[in-house]
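Single-letter residue listing:
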Amino acid sequence: MAFEVPNMLFALPEMLLLAMCCIVLLVVAFTGNRQINLVHALSQLSLLITFMTVFWMMGEGGLTFSETYIKDPLSDVLKLAICLVNMLVLSYSYRYLQVRKLLQGEFYVLVLFSTLGMLVMVSAHNFLTLYLGLELMSLCLYALVAMHRDSFTATEAGMKYFILGALASGMLLYGMSIIYGVTGELGIEAIATAIANEELNQTVLSLGIVFLVIGIGFKFGAVPFHMWLPDVYQGAPTAITLFVASAPKIAAFALLIRILTEGMGDMLSVWRDMLIMLAVLSIVVGNLLAIAQTNLKRMLAYSTISHVGFLLLGVLAGSQAGFAAALFYTLVYALMTLGSFGMILLLSREGFEAEEIEDFKGLGQRHPWHALMMLLLMFSMAGIPPLAGFYAKLSVIKAVVDVNLLAVAIVAVVMSVIGAYYYLRVVKVMFFDTLTEQPRIEASTSMQYLLSGNVLAALFLGLFPGALFALCARIFS
Amino acid sequence: MMDFPLLSILILLPIIGGGLLLLCKQNHLLARQLALIVSVVTMLLSFLLYIGFDSTTHQMQFVERLSWIATFNIEYYLGVDGFSMPLMILTTISTVLVVIAGWQVIQDRAAQYMAAFLIMEGLMLGVFAALDAILFYLFFEAMLIPLFLVIGIWGGPNRVYATIKFFLYTFFGSVFLLIALLYLQFQAGSFSILDFHDVSLTLTQQIWIFLAFLIAFAVKIPMWPVHTWLPDAHVEAPTGGSVILAAITLKIGGYGLLRFALPITPDASMTLDWLVIGLSLIAIVYIGFVALAQSDLKKLIAYSSIAHMGFVTLGLFIVFRITANEAITIGIGNGQVLAIEGAMVQMISHGFIAAAMFLSVGVLYDRMHTREISAYGGVANSMPKFTALAVFFAMANAGLPGTSGFVGEFMVILAAFQANFWYAFLAATTLILGAAYTLWMVKRVFFGEIANDEVAKLQDINSREMLLLASLAVIVLVIGIWPDPLLNVMHASVDNLLLQITQSKL
């Protein structure tokens with residue numbers, strides 16, 4: 001076997017990020033929490049450098065490291081999104097964590113390593129690399145959720161997340177091993193070739209796919225594997241929830257695409273039915289349970305579950321348009337989630353979490369601008385035009401209609417009407433209820449600007465979604 | 001004319017104006033003046049549509065067509081024909097009235113109130129001008145947001161219930177529209193509504209699509225039995241909200257049937273015309289009786305709106321029965337034209353009359369803060385000028401010849417005779433029922449003994465209110481006596497529509 005020098009350049013962003021992680025780790029180790037602003041700046045810088053590198057290297061692509069690593073348009077776009085999202089997460093979280101004395105070096109180190117895991121996941125082209133990235137990301141997330149160690153709920157959430165997450169990883173690994181047993185391959189492409197060309201035992205192959213789908217379903221939080229999600233979202237400090245809810249979903253999307261569509265594309269008929277069940281259940285259960293919530297974080301958790309269902313709709317369509325729609329949905333979802341958890345962070349202050357829906361009472365009178373932003377976010381999540389959320393729903397439903405799964409589409413849209421109710425309730429509380437307590441905003445102006453920009457981006461994407469649609473379509477063509 | 005993007009300006013001007021209004025938070029006077037200027041300019045610009053309109057063709061005019069979302073072949077495609085143009089002018093006039101009506105009454109967050117109405121105006125104009133299905137849907141849905149806020153923020157005591165009910169009802173209807181549009185795009189290969197008109201569909205496909213359209217638009221119109229949101233929304237909405245609801249949003253339902261259901265699914269419309277005709281007749285007769293029983297002024301007018309909109313749907317769908325009766329004579333008879341034009345005139349006329357009725361109730365409510373009929377009595381003694389106008393509008397509502405209310409109803413009833421005697425008979429009962437509930441209301445509110453001290457102390461209308469009501473009275477009278485200017489612009493479009501719906505797609 002000839003020794004090939006791997007094309008290191010394809011993994012340059014990850015290597016730079018790893019180097020920066022180590023530097024941040026060293027700084028934290030030597031300065032403790034005295035130089036936390038420096039650590040913050042360094043972390044942002046690391047993400048920025050990674051972002052710039054990915055951006056600079058866009059275009060050329062291919063496989064490297066013995067075909068375990070891939071750089072393609074999909075990985076480029078997802079990496080850019082992950083870096084951008086995490087930069088915003090760090091900016092939004094700063095003040096919240098500082099006030100609660102949670103702003104420690106560990107936070108930054110864990111976030112950076114987790115980001116590294118996500119990038120590896122996005123670029124993985126082999127089951128082992130995929131698993132490596134997934135575990136690097138997940139282990140950091142478990143620790144982050146439990147970071148507020150004096151908080152009972154946060155510890156409980158961390159514990160739950162860890163146990164169920166480990167179970168999910170186990171399922172995924174088991175599925176991978178079955179697939180390996182059948183095909184004798186670990187590489188995504190090699191598996192796809194084996195499935196296409198060889199006479200394989202379909203029963204065992206299907207069994208493997210079942211476990212893979214369960215594992216993916218766990219990571220996404222699709223019903224019936226969603227139990228961890230509301231508890232983690234509610235229990236973790238809001239800043240951590242923000243992190244858990246946004247970028248990891250983008251990475252999970254990569255997991256889904258790499259395993260199911262790139263690796264098992266020919267087995268569409270097998271996994272489509274499973275995804276239909278997951279998607280429909282997620283949309284139904286997520287929307288129905290969200291109605292009963294009084295805690296905004298928990299409500300958003302259930303709304304996430306329903307969004308996951310919609311995202312799966314795009315994938316199960318099995319068409320290129322469907323994958324593009326799912327990608328669009330993922331990116332828009334990350335944008336909206338950032339905005340809505342950002343809004344909770346904006347309103348919370350020392351000794352006040354602003355995580356109950358009631359805490360938004362009268363915001364329309366006190367801070368009309370921020371109330372308007374929250375209104376736009378809620379309508380976007382409900383899928384009302386002219387906001388980005390509408391096009392996300394439109395494109396996945398269009399993909400589903402195009403492959404003649406009309407019944408699924410009808411269930412999805414009817415449930416989105418039910419879903420509209422709980423988003424409207426937030427709007428109602430902000431605008432229609434009279435003021436009781438005055439919600440004060442103590443957040444920094446820069447965060448207010450960033451958050452407004454974030455929301456206006458959702459509005460802008462709603463008015464001119466063409467470019468992003470074209471980009472998503474190009475990736476899967 | 002082609003180079004001047006009149007439709008885009010009509011849509012964008014109020015929306016941008018509304019955005020600017022949001023900036024002048026505390027300065028109520030400035031906000032009001034700005035709102036008035038924007039709405040008046042928009043209205044004047046919309047008159048250019050009428051002046052520049054070529055009534056000899058059914059082709060879309062003032063067309064603007066740009067690629068918008070290339071991946072899905074969604075376009076920014078605007079244009080008007082004889083159906084949409086009058087409705088757009090109705091929209092711009094109503095908005096001016098709403099701005100004037102809210103001048104003094106709205107003291108709480110006036111700038112946002114005006115802004116909501118201006119943004120809504122732009123979106124409603126967009127609904128009428130859009131020729132791309134997704135663009136239509138976008139305006140159709142986005143319109144709900146400002147109306148939701150208007151009812152929820154400035155409404156009455158039970159406003160939250162009413163506005164959420166309103167939102168969920170209409171949203172529920174419109175998601176089926178979305179599915180139907182996506183399915184049609186799948187068949188036609190583009191989102192252009194005009195391409196949808198030409199796509200061939202089997203009867204089964206047509207029936208499903210038609211039902212989706214019917215659900216979406218029946219909720220908006222609203223038709224019995226999905227009308228229950230309307231009385232709640234009307235009662236709780238501020239006067240301006242009621243005016244816009246009655247004058248325009250209901251018309252969007254009728255317009256949707258004209259633009260989508262009839263031309264895209266003619267065979268399904270024919271197969272299921274009994275359903276729509278039946279529901280329309282129920283609306284006319286049963287809701288007429290319901291209106292008779294109301295003790296709340298706004299509820300009474302709301303129910304009367306549902307009954308009047310029954311004429312619109314009746315007019316649109318008796319066409320198929322007339323065609324069947326005239327099977328021997330090939331071509332388009334007088335009866336079909338009468339039916340469709342009657343429905344259109346009824347929409348426009350009801351827009352003005354309902355607006356006037358709600359403004360009149362607003363005048364009373366601002367003074368007495370109650371809408372209960374029993375709280376009034378003998379208002380004519382203290383408010384003679386107002387009573388004269390209000391009684392005139394009540395007469396118009398009951399379909400008095402010489403007012404616009406008569407023209408549309410009469411045309412539809414006349415056409416109904418060519419379809420089936422009993423349709424016409426049942427529809428004609430509205431002349432009695434309408435007169436009964438309206439005039440009885442007039443008797444109880446305006447005439448008789450002065451009911452209490454508060455009524456005795458009522459101030460007659462000021463010049464602002466006089467201007468509002470008098471201008472509406474003039475419009476109602478003009479359309480009633482001389483409807484030709486309105487009818488002429490729609491002849492070509494009506495003929496074209498009849499051509500489309502009498503040719504089977506199968």
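Please read all numbers here as calculations on a predicted model, not as lab measurements.

Cut-offs and rules
Residues numbered from 1 in each chain as written. Chains lettered and ligands numbered in written order. Predicted model: local features only at pLDDT ≥ 70, side-chain atom pairs only at ≥ 80, totals over all residues. Helix = DSSP H or I, 4+ residues; strand = E, 2+ residues; numbered from the N terminus. Rg over C-alpha atoms; globule rule 2.2 N^0.38 Å. Contact = placed C-beta atoms within 7 Å. Buried ≥ 20, exposed ≤ 12 C-beta atoms within 10 Å, placed from the backbone. Axes fitted to C-alpha atoms, helices over the stretch in contact; angles between N-to-C directions. Parallel < 35°, antiparallel > 145°, perpendicular 65-115°, else oblique. Nonpolar A, V, L, I, M, F, W, Y, C, P; charged D, E, K, R; others polar. Pairing = 2+ DSSP bridges. UniProt positions renumbered as here; feature names shortened; annotations may be inferred. pLDDT = per-residue confidence, 0-100.

Each helix and strand counted, chain A has 20 helices and 2 strands in total. Its C-alpha radius of gyration of 21 Å places chain A within 12% of the 23 Å reference for a compact globule of 477 residues. Taking the principal axes of the C-alpha coordinates as reference, chain A spans close to 70 × 60 × 40 Å. Counting contacts in chain A only where the partners sit at least 6 residues apart, residues at least 24 apart contribute 79% of the total.

The helix and strand inventory of chain B stands at 22 helices and 2 strands. A compact globule built from 506 residues should have a C-alpha radius of gyration of about 23 Å, and chain B, at 22 Å, falls within 12% of that. Seen through its principal axes, chain B has C-alpha atoms that stretch 70 × 55 × 40 Å. Buried positions account for 62% of the 506 residues belonging to chain B. Contacts in chain B between residues at least 24 apart in sequence constitute 82% of all its contacts with a sequence separation of at least 6.

All right, on to unusual backbone geometry then. Note the cis peptide between V223(A) and P224(A), where omega equals 5 degrees. The residue P224(A) is located in the loop between α8 (202-220) and α9 (228-235) in this model. The phi torsion at F65(A) lies on the positive side, around 50 degrees, for a residue other than glycine. In this model, N73(B) sits at a positive phi of 60 degrees, which is unusual for a non-glycine residue. For N73(B), the position within the fold is in the loop between β1 (61-69) and β2 (74-80). Residue classification places N73(B) among the partly exposed positions, given that 15 C-beta atoms sit within 10 Å.

Packed helices, taken two at a time, are described by their axes: the angle between them and the distance between them. Residue and element names in this part refer to chain B. The N-to-C vectors of helix α3 (residues 84-105) and helix α4 (residues 110-129) enclose an angle of 175 degrees; their axes lie 9 Å apart at closest approach. Of the possible angle classes, the one that applies to α3 and α4 is roughly antiparallel. Contact residues: S84, L87, M88, T91, T92, T95, V98, V99 and G102 in α3; Y113, M114, F117, E121, M124, L125, F128 and A129 in α4. Tallied by class, residues from the contact of α3 with α4 come to 11 nonpolar, 5 polar and 1 charged.

Turning our attention to the pairing of β2(B). All names here are of chain B. Across the 7 residues of β2, 5 count as buried, placing the element largely inside the fold. Pairing between β1 and β2: 6 bridges, direction antiparallel. Counted as the bridge partner of R65 is Y77 from β2.

All names here are of chain B. Axis separation between helix α1 (residues 6-23) and helix α2 (residues 28-51) bottoms out at 10 Å; the angle between their running directions is 175 degrees. One finds that α1 runs roughly antiparallel with respect to α2. Contacts from L6, I9, L10, L13, P14, G17, L20 and L21 in α1 reach A31, L34, A35, V38, S39, V41, T42, L45, S46, L48 and L49 in α2. Grouping the constituent residues of the contact of α1 with α2 by class yields 15 nonpolar, 4 polar and no charged.

Each side of the interface is counted separately: chain A has 25 residues, and chain B has 27 residues. Listed by contribution, the elements that provide at least two residues to the side of chain A that touches chain B are α17 (388-402), α18 (406-431) and α20 (466-475) of chain A. Residue composition of the side of chain A that touches chain B, grouped by class: 20 nonpolar, 2 polar and 3 charged.

On to the UniProt feature "domain: NADH:quinone oxidoreductase/Mrp antiporter transmembrane" (unreviewed entry) in chain A. Those residues carrying the UniProt feature "domain: NADH:quinone oxidoreductase/Mrp antiporter transmembrane" (unreviewed entry) are residues 124-419 of chain A in this numbering. Helix makes up 79% of residues 124-419 of chain A and strand 0%, with an end-to-end C-alpha separation of 35 Å.

Here we take up the environment of M147(A). All names here are of chain A. The residue M147 is located in the loop between α5 (127-145) and α6 (152-183) in this model. For the pair M147 and M118, spaced 29 residues apart in sequence, the C-alpha to C-alpha distance is 20 Å. Beyond its immediate sequence surroundings of up to four residues, M147 is in contact with L102, E106, F107 and I240.

A few words now on helix α6 (residues 144-154) of chain B. Each full turn of the α-helix corresponds to 3.6 residues, which orients residues three or four apart in the same direction. Burial analysis of α6(B) places 11 of its 11 residues in the buried class, the great majority of the element. Burial in α6(B) covers these residues: L144(B), I145(B), P146(B), L147(B), F148(B), L149(B), V150(B), I151(B), G152(B), I153(B) and W154(B).

So, about the confidence of the model for chain B. On average, chain B scores 86 in pLDDT, and the residues at 70 or more come to 98%. Here the predicted complex scores 0.90 on pTM and 0.85 on ipTM.

Moving on, we get to the environment of M395(B). All names here are of chain B. Its place among the elements puts M395 in helix α17 (residues 384-398). Counting along the chain gives 47 residues from M395 to V442, while the straight-line C-alpha distance between them is 9.4 Å. Contact partners of M395, with chain neighbours within four places excluded, come to L400 and T403.

All right, on to the environment of I209(B) then. All names here are of chain B. Along the chain, I209 falls in helix α9 (residues 203-220). Linking I209 and A180, residues 29 residues apart in sequence, is a C-alpha distance of 5.5 Å. In this structure, I209 is in contact with A180, Y183, L184, L201, I264 and T265, ignoring residues within four places of it in sequence.

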